[in-house]
Amino acid sequence: MVGDVVGKPGRRIFASVARKLRDSNEVHAIVVNGENAAAGSGITLALAEDFFAAGADVITLGDHTWGQRDFEGQINSERRIIRPANYASGVPGRGWVLAQSAVMPFAVVNLQGRVFMNPVDCPFRAVDAVLREIPCGVPVLVDFHAEATSEKIAMGLYLDGRVAAVVGTHTHVQTSDAKLLPNGTAYLTDLGMTGPELSVLGRDHRPVLKKFTTGIPARFEVAEGPAVLEGAIVDINRETGKAVSIRTVRYREPVE
Ligand SMILES: [Fe+2]
Ligand SMILES: [Fe+2]
């Protein structure tokens, strides 16, 4: 599972790392958060195709889901792209999807938090409804796109024993709390970022510093320079559908 891909530097390192991991059979499936893929905000179908070609199985999104114009008219044409399940009913797109890895079927659910974020429906009730739809015995990976560490930890414990993994996205900073929860769910508060390393969450630090030091608004472009890919590898037992281990990963350019 790969943290938020930011702009061209993020797409570049994702493609090389994903190809390497897939070619070497180090992973059997890749779930990637693409909410910042297109110039830092949203994604397009063309960019999504590049992700799939590089080895992604499912793309999740978040508060920047609608960052690219007209994407709401396109999201339903690609079932492997999901947006948070707790959007209002009737909103385009789906909140979960069934996929097939090289070794087993799995499901991916995307949720968005409500603490320090724009209002959305309750993610806890939404995930309950989704889990009722997913066939029994299929391991479930949850991307909880949220700001507050408390809300993410709470979701991990809420879903412990019911899904294979709960990992967070959105903060663009990888946390060091990867663990197995008591009932067999792998948990990580945030996967981190896949994008330019010398940046403020993927953006050029100069306009960000101008805004912080003067209060004058500035355009936050995606930064340039060597990229980093951050995420986690979850090992799942094929028989039980439960997680065996979770460990964070970080790759820097040039990717060996
Ligand atoms: Fe993000
Ligand atoms: Fe976000």
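Residues numbered from 1 in each chain as written. Chains lettered and ligands numbered in written order. Predicted model: local features only at pLDDT ≥ 70, side-chain atom pairs only at ≥ 80, totals over all residues. Heavy atoms only, no water.

K.L.:
Quick question: what am I supposed to make of the overall build of the chain here?
P.N.:
Assigned secondary structure in the chain consists of 5 helices and 12 strands. Compactness check: the chain gives a C-alpha radius of gyration of 17 Å against a globular reference of 18 Å for 256 residues, within 12% of the reference. Expressed along its principal axes, the backbone C-alpha trace of the chain runs to roughly 55 × 40 × 35 Å. Residue pairs at least 24 apart in sequence account for 63% of intrachain contacts in the chain once pairs closer than 6 positions are excluded. Averaging the positions of the 27 positive and the 29 negative side-chain charges in the chain gives two centres separated by 1 Å. (Helix = DSSP H or I, 4+ residues; strand = E, 2+ residues; numbered from the N terminus. Rg over C-alpha atoms; globule rule 2.2 N^0.38 Å. Contact = heavy atoms within 4.5 Å. Lys, Arg positive; Asp, Glu negative; His and termini not counted. Charge placed at Lys NZ, Arg CZ, Asp CG, Glu CD.)

K.L.:
Help me out: how do you make sense of the environment of Leu 141 in this one?
P.N.:
Along the chain, the position of Leu 141 falls in strand S6 (residues 140-145). Leu 141 sits 34 residues away from Ala 107 along the chain, and the two C-alpha atoms are 6.2 Å apart. When near neighbours in sequence (up to four residues on either side) are disregarded, Leu 141 contacts Met 1, Val 31, Phe 106, Ala 107, Val 108, Val 109, Ala 164, Ala 165 and Ile 236.

K.L.:
Any chance you could explain the packing of helix H3 (residues 123-133) against helix H4 (residues 149-159) here in plain terms?
P.N.:
For any two helices packed against each other, the geometry is given by the interaxial angle and the distance between the axes. Relative orientation of the contacting elements H3 and H4 amounts to 30°, with a least axis distance of 11 Å. As far as their axial angle goes, H4 and H3 are roughly parallel. Between H3 and H4 lies a crossing whose hand is right-handed. Residues Pro 123, Phe 124, Val 127, Asp 128 and Leu 131 of H3 lie in contact with H4, whose contacting residues are Glu 151, Ala 154, Met 155, Tyr 158 and Leu 159. Taken together, the residues of the contact of H3 with H4 sort by class into 8 nonpolar, no polar and 2 charged. (Axes fitted to C-alpha atoms, helices over the stretch in contact; angles between N-to-C directions. Parallel < 35°, antiparallel > 145°, perpendicular 65-115°, else oblique. Left-handed = near helix turned anticlockwise from the far one by under 90°. Nonpolar A, V, L, I, M, F, W, Y, C, P; charged D, E, K, R; others polar.)

K.L.:
What exactly am I supposed to notice about the coordination of the iron ion (ligand 1) here?
P.N.:
Six octahedral donors around a metal ideally make angles of 90 or 180 degrees; four tetrahedral donors ideally make 109.5 degrees. For the iron ion (ligand 1), the full set of protein donor atoms is Asp 4 (OD), Glu 35 (OE), Asn 36 (OD1) and His 172 (NE2), at a range of 2.0 to 2.2 Å. Coordination at the iron ion (ligand 1) is irregular: its 4 donor atoms span angles of 87 to 170° at the metal. In the primary sequence, the donor residues of the iron ion (ligand 1) line up as D-x30-E-N-x135-H. If you look at the iron ion (ligand 1) and the iron ion (ligand 2), they sit 3.4 Å from each other and are both ligated by Glu 35. Note on accessibility: Glu 35 and Asn 36 belong to one class, buried. (Donors = N, O, S within 2.8 Å, 3.2 Å for Na, K, Ca; no water. Tetrahedral: all angles 85-135°; square planar, octahedral: opposite > 155°, others 65-115°. Buried < 20%, exposed > 50% of the residue type's maximum accessible area, 1.4 Å probe, protein only.)

K.L.:
Just checking my understanding: could you explain the coordination of the iron ion (ligand 2) for this structure?
P.N.:
Within the protein, the iron ion (ligand 2) binds to Glu 35 (OE), Asp 63 (OD), His 145 (NE2) and His 170 (ND1); these donor distances fall in the range 2.0 to 2.2 Å. Taken together, the 4 donor atoms surrounding the iron ion (ligand 2) define angles of 85 to 144° at the centre, an arrangement classified as irregular. Spacing between the donor residues of the iron ion (ligand 2) along their common chain follows E-x27-D-x81-H-x24-H. Classification of His 145 as buried rests on a relative accessible area of 0%.

K.L.:
Looking at this structure, I do not really get the sheet that holds strand S12 (residues 243-252). What am I missing?
P.N.:
Within a sheet, adjacent strands bond to each other through the backbone by hydrogen bonds, running parallel or antiparallel. Taking strand neighbours across the sheet as the criterion, the 4 strands line up as S1-S10-S11-S12 in an open arrangement whose pairing is mixed. The sheet is open, and its two borders are formed by strand S1 (4-5) and S12, each paired with just one other strand. In terms of strand pairing, strand S10 (residues 193-196) meets strand S11 (residues 227-236) through 2 bridges, oriented antiparallel. Looking at the pairing, Pro 196 lines up with Ala 227 of S11. Against the sheet, helix H1 (residues 7-23) contacts S1, S10, S11 and S12, and its axis sits at roughly 40° relative to S11. (Pairing = 2+ DSSP bridges.)

K.L.:
Whenever I open this one, the packing of H1 against helix H2 (residues 45-54) confuses me. Can you help?
P.N.:
Where H1 contacts H2, the axes come no closer than 8 Å and their chain directions differ by 25°. Relative to H2, the element H1 lies roughly parallel. The segment H1 lies against H2, with Arg 11, Phe 14, Ala 15, Ala 18, Arg 19 and Arg 22 engaging Leu 47, Phe 51, Ala 53 and Ala 54. Looking at side-chain class alone, the contact of H1 with H2 contains 7 nonpolar, no polar and 3 charged residues.

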